[in-house]
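# Coordinate analysis (summary)
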Amino acid sequence: MERNMMAPGTSSTAVSLLARALTGALVLAASSADAQSAVSSRASGVDGTLSAGAAVQVDPAAENVHCSGDLTINTKAVSDPSLPPGVVVSIDAGGLVCVGQGTRGRYVSDGQATLTRLLVASDVIKTTLAFHKNTPNGFLTARTALLTLSLTYDTTTGALTGATANLGDFLP
Amino acid sequence: MKAFSHGQLSRRDLIKMGLFTAAGILAPIRGLSPFVGSARADSIPTGAPPSPLFGVQAFTQPMLRFDVLARTPVSALDPAPTAEANQTQQPVPALLGGGTGPIEGRPPGTIWAHQRFAKFPPVVAVEATQAQATTNTVYNPGVPPSLNSGVAPSSSIPLKFHPGLPTQGRNAVWTFNGTIPPKLVQGRYGEPILFRHHNGLPADVTQNGGFGRHTISTHEHNGHHGAENDGFTGAFFFPGQFYDYHWPIVHAGILSVNTNATDPRAGSPDDSGGITKLPGDWHETMSTHWFHDHMFSFTSQNVYKGNAAMFNLYSSLDRGNEAISDGVNLRLPSGTAKPWGNLDYDVNLMLADKAWDRNGQLFFDIFNLDGFIGDVMTVNLLYKPFFEVERRKYRFRILNASVSRFFKLALSDGSPMIQIANDGNLLPHPVVLTELDEIGIAERYDIVIDFSRYGVGARVSLVNLTEHQDGKKPSDDLSIAEALAGKSADPCVGKFLEFRVVRNPATPDVSQVPATLIPNPDLSKVPVARQRVFEFGRGADQTTNDPVTSFFGPWGVKTSGGSMLAADYGRISAAPRFGTREIWTLKNGGGGWDHPVHIHFEEGQVLARDGSAANVPAWERGRKDVYRLRPSGDITITMQFRDWGGMFMEHCHNTVHEDNAMLLRWEIDDSGAPFLRPLPTPIATPQGVTFEAPTDVLSSAF
């Protein structure tokens, strides 16, 4: 412990030496967090196709998959006097309906993501999501899609003012 | 500065002298601190000069698997372990005050005796010494070289982060047995382990290489056992002592669920491929733990310095044998040669950012109270290594062992990964992700990667997408393309571990990832006895002034609407009743900051984020023990307080925040003798541990 473990025989020399070396110290009052947050939620329509060719490495029987529906985007913009303005973006693709173009089978995604971003007026986010056949072991041959979000904010209030989303192949 | 690092001058002293702001930063005045943020862009994110790399290149050394600590019969221990702390006297070095003191540093008496020691007598002993850096001449990876990137067991391994980097000085790194790679304990349910931890650190507190403390307390994160074995922050021990930690390894609910041990899912793998049935709730089976230092106000320094290891727990469900098909074993990627505990395709990964000084020696900014971030990425304490794999499934047990950094992981080609566990607990169902959620400090994500999608010769890397500008919080999650493009000023963004697909497996991959893993316990019949709210933030007060147990810094915890209080391990902030369930809401009073809050003792379930269950993502719908608050967020969890008693902790696991002083003590003290209500606080000295009454008991505690 700092407080009871001074080595025997230690004088106050070390303390006074340091004190003399440190001059002109500033003392600032402790600041409580004057943070403010703004929560927004939007649904963004998505209509995109995942092509078979991008997935054959995972599943030789891959087919084209068409996805449509609403993506839910929740944002929480947080301003804090000690930090640059930031926003937490949560995405839920659970509302998308994805259908294989060959088999007409359903594809699903666990499709959630939470991202930390800097708050700027216009932000383009590229993130990836996994999709797989809606079968008991379909997740073992999941494939990757690229989700591109274009978000706009009122940087004064932190409110999300616009959101568009595109879904397509992720090509490394 | 040296006086500060040696403990001759405390942060309390510096604040009183006006040299530390109460907001927690050393006053940024010319000449005051060499570590105050430089105007140079390349000082991101450490705030100090960039760590020199001495010309080494990434992915030019093999990743070493963990070093498996030997399991020996407990009868081999000398002296034999005892239920109460061994008070045999030995001379105490003059540097520690002289006289005599006990050989074991555990607090004496019945309250700190190993609970149910006779009912769960230790069977296996594991011994280790916390020691100064040295060369490892007894490396045991638990697998042949072909599965360890060609590295043979018993290779001589100097303590270097890379062969081309300087050897670490004896006091630059302190770790288990003084050696790398990090250590791994393997245990199985129903086979109690006695972990004897010797403190072999210098008696001279000034011999610390600029940071770190020679007194230690070892927390098994997140063991379900008595507090005497939990590494309480005030139950530390001194150089020359040992501390016997009794890890009974039982399922939670041993006193109330499946008490006749009839359910094979609550079981342990035996040595013949069968199951030993055990009492307790199989829904509470745990798999991936770690253990690390928990010294009061020095945890970040000691963990960063090397006091961190991992602990794989094996059960009838998670057996470590992928071939046994008995309707219970989940057959997760592991191996087949042994009935349990195969490591062939079950790999521990310890991620940690580090920094070093101009001489290549490990460096830590002890003046940084916001959070310390390194600028060099290590895996298993090695700088950006490669790891050879076969074309089949692997399980990776990933631990964030940083002190303040968050990681967000993806594969460089965007391929899916299957997350099977969170904080060491197998999820109800696997979750397929192409980018894992940000992994906070002390969180563990177990994932499965199927390398059969690649051809021999292919290479794919783990990539970190989360950028930090400093240790306050993640600043930005990049896309895979951005991270790979090298655009970030944060050197720890981008590739950090390269997988090299070297061959087909010699035998077919029979491992599985079942669609159902471990469902959550059904708590519908367990009434909620109490609800509490804990708020984590800045501007902490210190209402007590005990010179030993209390501390202050910018960080604190507010309990049930009270004041924001800095840590005092003599203060009782909560005392749930034995055998009950409570709901705790953890709130971020820190605005834009993020706090990964850890609650000791038992796993909890997340009920809601920001007031709604719908906000809980799929990978958090299992059991956890580290709860990310997220900026301006709150999280509601439920926990049970059963089977064991004593004093435990709740704290931010941004360990710099924990140390300064975002930590509280809670306790279970009403289960009967020997416990007292409230419990007396241990006060450790080299000459022995005494006790004092709590410094404070919050009115809302009981």
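My aim in this report is to walk through the structure given alongside it, one point at a time. Remember, it's a predicted structure, so these values are computed and weren't measured experimentally. (Residues numbered from 1 in each chain as written. Chains lettered and ligands numbered in written order. Predicted model: local features only at pLDDT ≥ 70, side-chain atom pairs only at ≥ 80, totals over all residues. Heavy atoms only, no water.)

## What about the pattern of salt bridges?
Residues and elements named next belong to chain B.
- Evaluation of the coordinates by the stated rule reveals 39 salt bridges over all chains.
- Two residues, Arg188 and Asp271, come together in a salt bridge whose shortest N-O distance is 2.9 Å. Taken together, the positions of Arg188 in strand S7 (residues 183-188) and Asp271 in the loop between strand S11 (267-269) and strand S12 (275-277) put the pair 83 residues apart, joining distant regions of the chain.
- For Arg188, a relative accessible area of 9% puts it in the buried group.
- Between Asp326 and Arg319 there is a salt bridge, and its shortest N-O distance comes to 2.8 Å.
- Residue class for Asp326 comes out partly exposed when judged on its relative accessible area of 33%.
- Take Arg319: its relative accessible area is 1%, and that puts it in the buried class.
- Overlapping salt bridges bring together Asp423, Glu443, Arg444, Lys624 and Asp625 as one network. (Salt bridge = Lys/Arg side-chain N within 4 Å of Asp/Glu carboxyl O. Helix = DSSP H or I, 4+ residues; strand = E, 2+ residues; numbered from the N terminus. Buried < 20%, exposed > 50% of the residue type's maximum accessible area, 1.4 Å probe, protein only.)

## What about the sheet that holds strand S37 (residues 634-641) of chain B?
- If you walk across this open sheet you meet the 7 strands as S30-S29-S28-S32-S37-S34-S35 (chain B), and the pairing is mixed. Strands at the two margins of the open sheet, each flanked by one partner only, are strand S30 (564-565) and strand S35 (623-624) of chain B. (Pairing = 2+ DSSP bridges.)

## Some words on the sheet that holds strand S17 (residues 382-383) of chain B
All names here are of chain B.
- The 7 strands lie next to each other as S17-S16-S15-S19-S23-S21-S22, forming an open sheet whose pairing is mixed. Two strands in the sheet have a free side with no partner beyond their single neighbour: S17 and strand S22 (425-433).
- Bridge count between strand S16 (residues 376-379) and S17: 2 bridges; the pairing is antiparallel. When the bridges of S17 are listed, Val379 appears paired with Leu382.

## With respect to the nonpolar core
Residues and elements named next belong to chain B.
- Counting 53 residues, the largest nonpolar core has Leu349, Phe396, Phe451 and Phe499 as its most contacted members.
- The element best represented in this core is strand S15 (residues 346-354), accounting for 5 residues.
- Other than its neighbours up to four places away in sequence, Phe499 contacts Phe387, Val389, Phe396, Leu411, Ile449, Phe451, Ala458, Arg459, Val460, Ser461 and Leu462.
- Core analysis: the second largest hydrophobic core is formed by 51 residues, Phe176, Phe232, Phe296 and Leu679 among them. (Core = buried A, V, L, I, M, F, W, Y, C linked by side-chain atoms within 4.5 Å. Contact = heavy atoms within 4.5 Å.)

## Let's talk about the pairing of strand S39 (residues 663-668) of chain B
All names here are of chain B.
- S39 sits mainly inside the fold: 6 of its 6 residues count as buried.
- Residue alternation in S39 divides its side chains into two sets, Leu663, Arg665 and Glu667 and Leu664, Trp666 and Ile668, and both sets are buried.
- Pairing of strand S31 (residues 571-574) with S39 involves 2 bridges; the strand directions are parallel. Within the sheet, the bridge partner assigned to Ala574 lies in S39 and is Trp666.
- Note: strand S38 (residues 646-652) against S39, 6 bridges, orientation antiparallel. If you follow Met649 over to S39, its bridge partner there is Arg665.

## Brief notes about the state of the cysteines
- According to the stated counting rule, one finds 1 disulfide over all chains in the structure shown.
- Residue pairing for A:Cys67: its cysteine sulfur links by disulfide to A:Cys98, the two sulfurs lying 2.2 Å apart. Across the S-S bond of A:Cys67 and A:Cys98 the torsion is about 115°, and the bridge reads as right-handed. With A:Cys67 in strand S2 (residues 65-80) and A:Cys98 in strand S4 (residues 96-100), this pair connects stretches of sequence that are 31 residues apart. Of the two residues, A:Cys67 and A:Cys98, both sit in the buried class.
- Free cysteine: B:Cys492, not disulfide-bonded; nearest cysteine sulfur from B:Cys652 at 19 Å.
- Judged by relative accessible area, which is 1%, B:Cys492 ranks as buried. (Disulfide = S-S within 2.5 Å.)

## Quick look at the environment of B:Gly556
All names here are of chain B.
- Tracing the chain through its elements places Gly556 in strand S29 (residues 555-559).
- The exposure class assigned to Gly556 is buried, which follows from its relative accessible area of 0%.
- Linking Gly556 and His657, residues 101 residues apart in sequence, is a C-alpha distance of 8.4 Å.
- Not counting chain neighbours up to four residues away, the residues in contact with Gly556 comprise Glu535, Phe536, Gly537, Ala540, Met564, Leu565, Ala566, Ala661 and Met662.

## Digging into the side chain of B:Ser415
- With respect to the secondary-structure elements, B:Ser415 resides in the loop between strand S20 (409-411) and strand S21 (417-422).
- A distance of 3.2 Å separates a polar atom in the side chain of B:Ser415 from a polar atom in the side chain of B:Tyr454.
- Not counting residues within four places of it along the chain, the set of residues in contact with B:Ser415 comprises A:Thr144, B:Leu433, B:Thr434, B:Arg453 and B:Tyr454. (Polar contact = N/O pair within 3.5 Å; in protein donor to acceptor, adjacent residues only side chain to side chain.)

## Some points on the pairing of S21(B)
Residue and element names in this part refer to chain B.
- For S21, the buried fraction is high: 6 of the 6 residues fall into the buried class.
- The pairing of S21 with S22 spans 5 bridges and is classified as antiparallel. Paired with Gln419 across the strands is Val431, a residue of S22.
- Where S21 folds back onto S22 in an antiparallel hairpin, the turn is made up of 2 residues, including Asp423, whose phi is positive at roughly 50°.
- Two elements, S21 and strand S23 (residues 444-450), share 4 bridges in a ladder whose sense is antiparallel. By the bridge assignment, Ile418 is partnered in S23 with Val448.

## Observations regarding unusual backbone geometry
All names here are of chain B.
- The omega angle of the peptide bond from Ala673 to Pro674 is 10°, so this bond is cis rather than trans.
- Within the fold, Pro674 resides in the loop between S39 and strand S40 (681-685).
- The linkage connecting Arg677 with the following residue, Pro678, adopts the cis geometry, with an omega of -5°.
- Turning to its location among the elements, Pro678 is positioned in the loop between S39 and S40.
- For Phe54, which is not glycine, the phi torsion reads 50° and is therefore positive.
- Structurally, Phe54 is set in the loop between helix H2 (11-16) and strand S1 (67-68).
- For Phe54, a relative accessible area of 42% puts it in the partly exposed group.
- Positive phi values are uncommon outside glycine, yet Ile249 reaches one of about 55°.

## Focus on the environment of B:Asn307
All names here are of chain B.
- Looking at where Asn307 falls in the secondary structure, it is placed in the loop between helix H3 (299-305) and strand S14 (308-314).
- Taking C-alpha positions, Asn307 is 5.4 Å from His292, a pair spaced 15 residues apart along the chain.
- Dropping the residues within four chain positions of it, Asn307 is found in contact with Gln130, Trp174, Phe176, Ile216, Phe291, His292, Asp293 and Asn302.
- A polar atom in the side chain of Asn307 sits 3.5 Å from the side chain of Gln130.

Scope: geometric values only; no functional claims are made or implied.
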